[in-house]
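What follows is each chain in one-letter form.
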Amino acid sequence: MKKIIQNKTILFVITISLLTITFILFSYFTIMKKYINIEKIENLKHLETFVHNIENKLLENEKKIDYLINLNKNYKNILRQSNLEKTDFIMKTLDLDFLMFEKNSKIVLKKINPNHKIKNILHLEKKILNSFSNLPTFGIVVNINSELFFINKKVINKDFFIYTIKQIRNKELKNLALNFEKIALIDEHIYSNNNYLSNSKIFDKVFLNTKIDIQNITTKVSFYSQQSHYLFSLKLKNKTLFMKEGENTIFIFCAFLILFLILLFYTTYIYQKTLKEHNNNLENRVKERTLQISSALKELEKVNLKLYDLAHTDFLTKTMNRRHFFMHAQNIFSQTNKNLNDLCVIMIDIDNFKRLNDSYGHDLGDRALVAFSKCVKQNIIEDDIFGRLGGEEFAIVLKNTNLDKAIKIANKIRKSIENINIVIKNKNINITASFGVSDIKNCSTIDEMLQKADTHLYSAKNSGKNRVRSRLNLI
């Protein structure tokens, strides 16, 4: 009888163990598959935003070129000295690297920006003419000599065209892909049936290849023109947002499941040895284990809160870090856009911060950042989103706020910052900041709002600093 009971117990243990292992494996692959799909969807959103940013930049260049053409309609005598001065004006206005004029299928004038260095300019000119001379007008991004260029071609009048060429440098490329941590130009053609972007105004096909692991999501993407002509390829890399969370969830779940199995096997062993004698002891042990689990859960909750704080808060200024800010800002933009409410963004940059660091040391710079952040928090409400984007650059998202009110808030903050007084070596140091304000008008994404605010911020910097600029007061 004892042997039969013992054999049944062994069979029970083996069966439960196999079922548990099967369940753990099934749960792992099922849950991780869902998290991988979420990562891919989020990555596609970031990629679509990046493509839209490129399209918006090309359209912006095209509008500037149209404006300059309308402003200077008489280009018949392009080789005259007065019109040569116009080409200098065009290059300076559009910040171009290379400018060409084509008349009757011949290049009548070309101008190179002496401040910008481009590899093999003759090969660039030949490549542009061979690839795009048959098109009357276009705006495109293309890889030539392992360098990216914005290229626009516009009609001045019959048989007279203008080519504008601007190199996309690493800094500008990163600004176009703010949602990606790393971006690099690669010489690799991606072919796939997954052409996710079929409604692009510029690119006919966008093929991509995405690889995901626990820590990183890497996407290789190739862009093709309306004639299916290969343009360029990029490698974009980001930290995964959800995979680690999914793995931790499964790990904790498995840990509790294994702990439960250990308790079950131990209880079975005790039950078989002396059921009646150790019944009370078993109940006490179960209570002790429950208390331990409860205590472990509380500790785990504390640790999770600390980890959440570390992952979402800037250590120095105690404000939202870049990733947390963008997550909240995107959610608020979606809600506002859906409900047709007002929304404004303020970009702030501390004036002369590098000079402050160089003159007085990073300790003073840190004190200035802390005092600045505290001052801003005192002038905004709890519903406003305030975060540090990097260095001395900060941003605020104001819900249910129109542009006039946002400008007033920015000026209030600006005046408060002027009153910040930092004492070092018996010397009083004051700081100022420049502001750029944008609203949701004509913006389809939060990135567009931030880009406009950033443009106004640079206008404030160029106007003498310690100023607030928006579309209502560009000067």
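Refer to the structure above for everything that follows.
This report concerns the structure included in the present document. (Residues numbered from 1 in each chain as written. Predicted model: local features only at pLDDT ≥ 70, side-chain atom pairs only at ≥ 80, totals over all residues. Heavy atoms only, no water.)

**Let's talk about the overall build of the protein**
No. 1: If you tally the helices and strands in the protein, you get eleven helices and 16 strands.
No. 2: Taking all 475 residues of the protein together, the buried fraction comes to 42%. (Helix = DSSP H or I, 4+ residues; strand = E, 2+ residues; numbered from the N terminus. Buried < 20%, exposed > 50% of the residue type's maximum accessible area, 1.4 Å probe, protein only.)

**Thoughts on the pattern of salt bridges**
No. 1: Within the structure shown, the criterion is met by eleven salt bridges.
No. 2: The shortest N-O distance in the salt bridge between D314 and R388 comes to 3.2 Å. Of this pair, D314 sits in the loop between α6 (279-312) and α7 (322-339) while R388 is found in strand β11 (residues 385-390), placing the two residues 74 residues apart along the sequence. The exposure classification of D314 matches that of R388, with both residues buried.
No. 3: Look at the salt bridges and you will find they share partners, linking K57, K166 and E172 into a network. (Salt bridge = Lys/Arg side-chain N within 4 Å of Asp/Glu carboxyl O.)

**Quick notes on the environment of I65**
No. 1: Structurally, the position occupied by I65 is in helix α1 (residues 2-71).
No. 2: Separated by 87 residues in the primary sequence, I65 and N152 have C-alpha atoms spaced 8.6 Å apart.
No. 3: For I65, the residues in contact, after removing those within four places along its chain, are L94, N152, K154, I162 and T164. (Contact = heavy atoms within 4.5 Å.)

**Remarks on the nonpolar core**
No. 1: Counting residues in hydrophobic clusters, the biggest one holds 38 residues, and the most contacted among them are F50 and L234.
No. 2: Look past the residues within four positions of F50 in its chain and what remains in contact with it is L173, L176, A177, F180, I183, F223, L234 and L236.
No. 3: Listed in part, the 33 residues of the second largest apolar core include L356, F386, I396 and I424. (Core = buried A, V, L, I, M, F, W, Y, C linked by side-chain atoms within 4.5 Å.)

**Examining the packing of aromatic side chains**
No. 1: Applying the stated rule across the entire model yields seven aromatic pairs.
No. 2: Ring geometry for F325 and F326: centres 5.9 Å apart, planes at 85°, overall edge-to-face. You'll find F325 and F326 in the same group, each marked buried.
No. 3: Their ring planes at 25° and their centres at 5.7 Å tell us that F386 and F394 sit as a pair that is stacked.
No. 4: Overall, the relative accessible area of 0% leaves F394 in the buried class.
No. 5: One cation-aromatic arrangement involves K153 over F161; the distance from NZ or CZ to the ring centre is 4.6 Å.
No. 6: Residue placement shows K318 over the ring face of F315; its charged tip is 4.7 Å from the ring centre. (Phe/Tyr/Trp six-rings, centres within 6.5 Å; stacked < 30°, edge-to-face > 60°. Lys NZ or Arg CZ within 6 Å of the ring centre and 35° of its normal.)

**Describing the pairing of strand β12 (residues 393-399)**
No. 1: A large share of β12 lies buried, amounting to five of its seven residues.
No. 2: Pairing of strand β10 (residues 343-350) with β12, which is carried by seven bridges, proceeds in the antiparallel orientation. Each residue of the ladder has a partner; that of L343, found in β12, is K399.
No. 3: Counting the residues in the hairpin turn of β11 and β12 gives two residues, including G391, whose phi is positive at 55°. (Pairing = 2+ DSSP bridges.)

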